[in-house]
Amino acid sequence: MEYRNLGRTGLKVSEVCLGAMHFGGPTDEQTSVRILDEFAEAGGTFIDTADVYNAGESEAVLGRWLKGRDRDAFVIATKVYGGMGDGPNDDGLSRKHILSAVEASLRRLGTDYIDLYYTHVWDTATPIEETLATLDTLVTAGKVRYLGASNVTGWQLQKAVDVAGTHGYSALQPLYNLLDREAEWELLAICRNEGLGVMPWSPLRAGWLAGRFHRGMEAPPADSRVAAAAERGLLEAWDYYNNERTWNVLDALHEIAAETGHSVSQVALRWLIQTDPVTAPIIGPRTFEHYVDNIGAAGWSLTDEQFTRLTTVSEKPTVYPYDLLRNFQR
């Protein structure tokens, strides 16, 4: 396992982040502990969760695992925004909800500090000044060490960075993978300019990039998340990605997997690890077998030609004004 600085900070994290989204839910505690043990044994230090994951049980499972371990050996990230009750102040990024949510997360995690605290989504109902001032008090009090944002637009991220100045966000957690590259249009450029680390979520896009999909399929596997997504109206559903660009990307992934001796998912993850300014993709294994496959993305490299091949085949057509600006900047 290799380690990287989180953006411009001095904090070092493993090049793969273990996502605990399924812990305490689809992944039972015994399997969760096994995955955590193996991740730590492999040199993994960076673990991501959120208060809303399985109604707090993800944090609780992680907290029980941390007991008796060297807390300072791990970088624990969690998030605030989502609804944790039925009251009018049980969600959002108001001072009241943040202060309540952080105390609840600390209790479930069994720790007195959170290394990286994300705002889970942008809150249109709360002034960003209120949110940032509240987060700054948590940093000053030592309950939070670093701040991050997730699921924001370019203007929202830039405004938050500008309002906070030098005491604001150090990280961004966006949707970013070989099939979803819109983050490059603004978000990643902001992260480069402002020195934010980048932790992509859904790096395998709900299984599309995990090796089970290939050209010629007429429907997703019945037991896949992609099949279930159609019923819930989620974007990772079959109809959204069943197009020539997706099959070209998957063709290239399967080819490079054969060339390298690595799995398709490992190649897709490795492309992210080698993409500037990505710090660490967040793997979200549901089973121990998924974990074993995903962690194989660490410790090796794509060749320049393989990296460029994947970058080229997965490039998305841009829209105005990005297409116009790109042509002028060339």
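Predicted, not measured: the structure shown is a model, and the values here were computed from it.

A.B. asks: How should the pattern of salt bridges be read in this particular structure?
C.D. replies: Pairing between side chains becomes possible if they bear opposite charge and their charged atoms approach one another. Scanning the entire structure with this criterion turns up 19 salt bridges. With its nearest N and O atoms 2.9 Å apart, the salt bridge here joins arginine 192 to aspartate 276. Taken as a pair, arginine 192 in helix H6 (residues 187–194) and aspartate 276 in the loop between helix H10 (264–273) and strand E10 (282–283) lie far apart in primary sequence, 84 residues in all. Linking arginine 309 and glutamate 255 is a salt bridge whose minimum nitrogen-to-oxygen distance equals 3.6 Å. Linking arginine 309 in helix H12 (residues 304–313) with glutamate 255 in helix H9 (residues 244–260), this pair joins segments that are 54 residues apart in sequence.

A.B. asks: Is there a simple way to explain the sheet that holds strand E8 (residues 169–173) in this structure?
C.D. replies: Ordered by their spatial adjacency, eight strands build an open sheet running E9-E8-E7-E6-E5-E4-E3-E10, and the pairing between neighbours is parallel. Among the strands making up the open sheet, the edge pair consists of strand E9 (197–198) and E10. In terms of strand pairing, strand E6 (residues 114–119) meets strand E7 (residues 144–150) through five bridges, oriented parallel. When the sheet's bridge partners are listed, tyrosine 117 is paired in E7 with leucine 147. Here helix H1 (residues 29–41) sits on the sheet in contact with strand E3 (17–19) and strand E4 (46–48), set at roughly 180° to E3.

A.B. asks: Can you walk me through the environment of aspartate 180 in this structure?
C.D. replies: Among the secondary structure elements, aspartate 180 is positioned in the loop between E8 and H6. Sequence spacing of aspartate 180 and tyrosine 117 is 63 residues, and the spatial spacing of their C-alpha atoms is 24 Å. A polar contact is formed between the side chain of aspartate 180 and the side chain of tyrosine 241, at a distance of 2.6 Å.

A.B. asks: Please clarify how H9 should be interpreted in this entry.
C.D. replies: Three- or four-residue spacings in an α-helix give side chains the same orientation, since the helix completes a turn every 3.6 residues. Over its 17 residues, H9 extends 24 Å from the first C-alpha to the last, a length consistent with the 24 Å expected when each residue adds 1.5 Å. Where H9 is concerned, the buried positions are Arg245, Thr246, Trp247, Val249, Leu250, Ala252, Leu253, Ile256 and Ala257. Contacts made by the buried residues of H9 are with helix H8 (238–241), H10 and H12. The backbone nitrogen of arginine 245 lies 3.2 Å from a side-chain oxygen of the residue at the head of H9, namely asparagine 243.

A.B. asks: Whenever I open this one, the packing of aromatic side chains confuses me. Can you help?
C.D. replies: Two aromatic rings are characterised by how far apart their centres lie and by the angle between their planes. Counting across every chain of the model gives 13 aromatic pairs. Where tryptophan 208 meets tryptophan 247, the ring centres are 6.0 Å apart and the plane angle is 55°; that geometry is what we call tilted. Of this pair, tryptophan 208 sits in the loop between E9 and helix H7 (225–232) while tryptophan 247 is found in helix H9, placing the two residues 39 residues apart along the sequence. Tryptophan 247 carries the same exposure label as tryptophan 208, and that label is buried. Three or more aromatic residues link up through ring pairs in this structure, and these residues are Trp208, Phe213, Trp238, Tyr240, Tyr241 and Trp247. When the ring centre of tyrosine 113 is taken as reference, the NZ or CZ atom of arginine 71 above it lies at 4.1 Å. In this arrangement the basic side chain of arginine 145 is found over the ring face of tyrosine 113, its NZ or CZ atom lying 3.7 Å from the centre.

A.B. asks: Help me out: how do you make sense of the side chain of serine 224 in this one?
C.D. replies: By the element assignment, serine 224 lies in the loop between E9 and H7. At 2.7 Å, the side chain of serine 224 and the backbone oxygen of proline 221 are in polar contact. Not counting residues up to four positions away in its chain, the partners in contact with serine 224 are Arg212 and Phe213.

A.B. asks: Whenever I open this one, the UniProt feature "domain: NADP-dependent oxidoreductase" (unreviewed entry) in the protein chain confuses me. Can you help?
C.D. replies: Here, the residues flagged by UniProt with the feature "domain: NADP-dependent oxidoreductase" (unreviewed entry) are residues 16–313. Along residues 16–313, the helical share is 43% and the strand share 11%, with 24 Å between the first and last C-alpha atoms.

A.B. asks: Help me out: how do you make sense of the pairing of E7 in this one?
C.D. replies: Successive residues of a regular strand alternate their side chains across the two faces of the sheet. A large share of E7 lies buried, amounting to five of its seven residues. Each parallel crossover has a hand, and for E6 linked through helix H4 (residues 128–140) to E7 it is right-handed. Alignment of E7 against E8, held across four bridges, turns out to be parallel. When the bridges of E8 are listed, leucine 147 appears paired with tyrosine 169. Handedness of the E7-helix H5 (residues 154–164)-E8 crossover: right-handed.

A.B. asks: Explain the pairing of E6 here, please?
C.D. replies: A large share of E6 lies buried, amounting to six of its six residues. Across four bridges, strand E5 (residues 75–80) lies against E6 in parallel orientation. Counterpart to alanine 77 in the pairing with E6 is leucine 116. With helix H3 (residues 95–109) bridging E5 and its parallel neighbour E6, the resulting β-α-β unit is right-handed.

Conventions used here
Residues numbered from 1 in each chain as written. Predicted model: local features only at pLDDT ≥ 70, side-chain atom pairs only at ≥ 80, totals over all residues. Heavy atoms only, no water. Salt bridge = Lys/Arg side-chain N within 4 Å of Asp/Glu carboxyl O. Helix = DSSP H or I, 4+ residues; strand = E, 2+ residues; numbered from the N terminus. Pairing = 2+ DSSP bridges. Contact = heavy atoms within 4.5 Å. Axes fitted to C-alpha atoms, helices over the stretch in contact; angles between N-to-C directions. Polar contact = N/O pair within 3.5 Å; in protein donor to acceptor, adjacent residues only side chain to side chain. Expected span 1.5 Å × (residues − 1). Buried < 20%, exposed > 50% of the residue type's maximum accessible area, 1.4 Å probe, protein only. Phe/Tyr/Trp six-rings, centres within 6.5 Å; stacked < 30°, edge-to-face > 60°. Lys NZ or Arg CZ within 6 Å of the ring centre and 35° of its normal. UniProt positions renumbered as here; feature names shortened; annotations may be inferred. Right-handed = clockwise from strand over helix to strand, strands pointing away.

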